[in-house]
Amino acid sequence: MNQEYGQEDGPEEEPAATRRDAGDAESSRASRGWWDRNADEYQSEHGAFLGDDRFVWGPEGLDEADAGLLGPAGSLKGLDVLEIGAGAAQCSRWLAAQGARPVALDLSHRQLQHALRIGGEVPLVEADAGALPFRDGSFDLACSAYGAVPFVADPVQVFREVRRVLRPGGRWVFSVTHPIRWAFPDEPGPEGLSVAASYFDRTPYVEQDEQGRAVYVEHHRTIGDRVRDVVAGGFRLLDLVEPEWPAWNGQEWGGWSPLRGNLIPGTAIFVCERAGD
């Protein structure tokens, strides 16, 4: 769970963290606002690790060039690929370098401005993942590295939209915070190693302002929930990858750290295929 917050202008007011229900509209509005406010800080802090044209699945540093979860790099040439929650489109640039034809979609206007700043020929689309502005069967693959899925109230709607825009047999691969992390404090040190909450509590994590308006929302699903959501969205689950923390990675990223990463998983990657074809 992310607990950073900032304003571009004026004094900062620390939001109140709570657990409460948050629906589709409130979650979407909060996510757009949060990423627009924090895109500059995010790209400044993590841009070097992400690179300008690197496809990284999460803070562990698992690289798509090594993992091949979308398929062998040589097989991507000529494929139409949709990246959801693309941020500054780093993953899409890597895909373009493999000869694919990526489209980078994000809810945040400011994140896409960073994509323009970095440059490249990747088409950029500002839209909500629950209402994709594309015709049926527009893409061969879809992917998302920590984009959209953790922040939406109805992931099945997102998955159904992804299935709709994929061609028969299309692959959908997405990464999220590993659900087990919700039982632990979001701290990189020893204090983050003791269970502090129920893994089975699905109540969303919400940061809200003094008027009670959500400014950040993240939704928890158990591993079983995620699998059922994948199936309900019209996909077959091909693989579930839990990257181990590599020895070379000494960085801390929020609650992710070598200490925790060597003991409990931090990322879950779902490799799915369009079903019913």
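Per-chain numbering applies: the sequence of each chain, read as written, is numbered from 1 onward. Local features are withheld for residues below a pLDDT of 70 in this predicted model, meaning they are given only at 70 or higher, and side-chain atom pairs are given and counted only at 80 or more; totals for whole chains, interfaces and linings count all residues. Side-chain numbers here rest on the full set of heavy atoms in the structure, without hydrogens or water.

Participant: Honestly, the nonpolar core in this entry has me stumped. Any pointers?
Facilitator: A general trend in soluble globular proteins is that nonpolar side chains are found buried together. In this text, buried Ala, Val, Leu, Ile, Met, Phe, Trp, Tyr and Cys residues form a nonpolar core when linked through side-chain atoms within 4.5 Å. Three exposure classes are used, based on accessible area relative to the maximum for each residue type with a 1.4 Å probe and protein chains only: buried under 20%, partly exposed in between, and exposed over 50%. One finds Leu 82, Ile 84, Phe 134, Val 162, Trp 172 and Phe 174 to be the most contacted residues of the largest nonpolar core, which totals 27 residues. Contacts were defined at the residue level, with two residues in contact if any of their heavy atoms lie within 4.5 Å. Beyond its immediate chain neighbours, meaning those up to four positions away, Trp 172 contacts Ile 84, Ala 142, Cys 143, Ser 144, Val 149, Phe 159, Val 162, Leu 166, Phe 235, Phe 270, Val 271 and Cys 272. Listed in part, the 17 residues of the second largest apolar core include Leu 76, Val 81, Trp 94 and Val 241.

Participant: Sorry if this is basic, but what is going on with helix α4 (residues 109-118) here?
Facilitator: An α-helical segment advances 3.6 residues per turn. Residues three or four places apart therefore align on the same side. Every helix listed is a DSSP run of H or I at least four residues long, and every strand listed is a run of E at least two residues long, numbered separately from the N terminus. The set of residues buried in α4 consists of Gln 111, Leu 112, His 114 and Ala 115. Across the axial projection of α4, the buried residues extend over an arc of 145°, all falling on one side. Away from its buried face, by an angle of more than 90 degrees, α4 presents the exposed residues Leu 116 and Arg 117. In the core, the buried residues of α4 are packed alongside α1 (24-50), α3 (90-97), β3 (101-106) and β4 (124-126). Side-chain atoms alone can form a polar contact between residues adjacent in sequence; in general such a contact is a pair of N or O atoms within 3.5 Å, and within protein one must be able to donate a hydrogen while the other accepts it. Between the side-chain oxygen at the start of α4 and the backbone nitrogen of Arg 110 there is a gap of 3.4 Å, and the oxygen is on Ser 108. Two residues or fewer after α4 comes Gly 119, characterised by a positive phi angle close to 95°. This arc corresponds to the set of directions leading from the helix axis out to the C-beta atoms.

Participant: Would you take a moment to explain the pairing of strand β8 (residues 214-218) for this structure?
Facilitator: Here is the key point about a regular strand: its side chains alternate between the two faces of the sheet. Burial analysis of β8 places five of its five residues in the buried class, the great majority of the element. Direction of pairing for strand β7 (residues 205-208) relative to β8: antiparallel, over a ladder of four bridges. Residue pairing across strands places Gln 208 opposite Ala 214, the latter belonging to β8. Linkage of β7 to β8, two consecutive antiparallel strands, is achieved through a turn of five residues, within which Gly 212 is found at a positive phi near 80°. Strand pairing is defined by DSSP finding a minimum of two bridges between the two strands.

Participant: What exactly am I supposed to notice about the packing of α1 against α4 here?
Facilitator: To characterise two packed helices, one gives the angle between the axes of the helices and the distance between these axes. A fitted line through C-alpha atoms serves as each axis, taken over the contacting stretch for helices, and the angle formed by two N-to-C directions is quoted from 0 to 180°. Where α1 meets α4, the axes come as close as 7 Å, and the angle between the chain directions of the two elements is 35°. For the pair formed by α1 and α4, the contact residues are Trp 35, Asp 36, Ala 39, Asp 40, Tyr 42 and Gln 43 on the first element and His 109, Arg 110, Gln 111, His 114 and Arg 117 on the second. Each residue is assigned to one of three groups, with Ala, Val, Leu, Ile, Met, Phe, Trp, Tyr, Cys and Pro labelled nonpolar, Asp, Glu, Lys and Arg labelled charged, and all others, Gly among them, labelled polar. When grouped by side-chain class, the residues that make up the contact of α1 with α4 number three nonpolar, four polar and four charged.

Participant: Before we go on, may I ask you to explain the packing of helix α5 (residues 155-165) against helix α6 (residues 223-232) in this structure?
Facilitator: Interhelical geometry of α5 versus α6 gives an angle of 40° and a closest axis separation of 8 Å. When the axes of α5 and α6 are compared, the pair comes out oblique. The chirality of how α5 crosses α6 is right-handed. Contacts between α5 and α6 involve Pro 155, Val 156, Phe 159 and Arg 160 from the former and Arg 226, Asp 229, Val 230 and Ala 232 from the latter. Along the lines of polarity and charge, the residues of the contact of α5 with α6 split into five nonpolar, no polar and three charged. Should an angle fall under 35 degrees it is taken as roughly parallel, and over 145 as roughly antiparallel, whereas 65 to 115 is taken as roughly perpendicular and any remaining angle as oblique. Helix crossings are classified by the rotation of the near helix relative to the far one: an anticlockwise turn of less than a right angle makes the crossing left-handed, while a clockwise turn makes it right-handed.

Participant: So what exactly am I meant to see when it comes to the confidence of the model for the protein here?
Facilitator: Detailed conclusions should not be drawn from predicted coordinates in areas where pLDDT is low. Per-residue confidence from the predictor is reported as pLDDT, a score between 0 and 100. When the pLDDT values of the protein are averaged, the result is 94; 96% of them are 70 or greater. When the criterion is pLDDT under 50, residues 1-11 qualifies, and its contacts beyond four places in sequence or with other chains add up to 32 contacts.

Participant: Quick question: what am I supposed to make of the packing of aromatic side chains here?
Facilitator: Two measures describe an aromatic ring pair: the distance that separates the ring centres and the angle between the ring planes. Put simply, two rings from Phe, Tyr or Trp (the six-membered ring, in Trp's case) pair if the centres are within 6.5 Å, and we call them stacked under 30 degrees between planes, edge-to-face over 60, tilted for the rest. What the rule picks out here adds up to 17 aromatic pairs. Ring centres of Trp 35 and Tyr 42 lie 5.2 Å apart, and the angle between their planes is 85°; this geometry places the pair in the edge-to-face category. Residue Trp 35 is classed as buried on the basis of its relative accessible area, which comes to 16%. With 5.9 Å between their ring centres and 80° between their planes, Tyr 146 and Trp 256 make a pair best called edge-to-face. Residue Tyr 146 is found in the loop between β5 (139-145) and α5, and its partner Trp 256 is found in the loop between β9 (235-241) and α7 (258-261); the two are separated by 110 residues along the sequence. Side by side, Tyr 146 and Trp 256 carry an identical accessibility label, which is buried. Feature note: the residues Trp 34, Trp 35, Tyr 42, Phe 49, Phe 151, Tyr 205, Tyr 216 and Trp 253 constitute an aromatic cluster, connected by ring pairs.

Participant: Would you mind showing me how to read the side chain of Thr 267 here?
Facilitator: Note on placement: Thr 267 falls in strand β10 (residues 267-274). Among the polar contacts made by the side chain of Thr 267, one reaches the side chain of Tyr 146 at a distance of 2.5 Å. Setting aside residues no more than four positions away along its own chain, Thr 267 makes contact with Trp 57, Gly 58, Pro 59, Glu 60, Tyr 146, Ser 175, Val 176, His 178, Val 241, Glu 242, Pro 243 and Trp 256.

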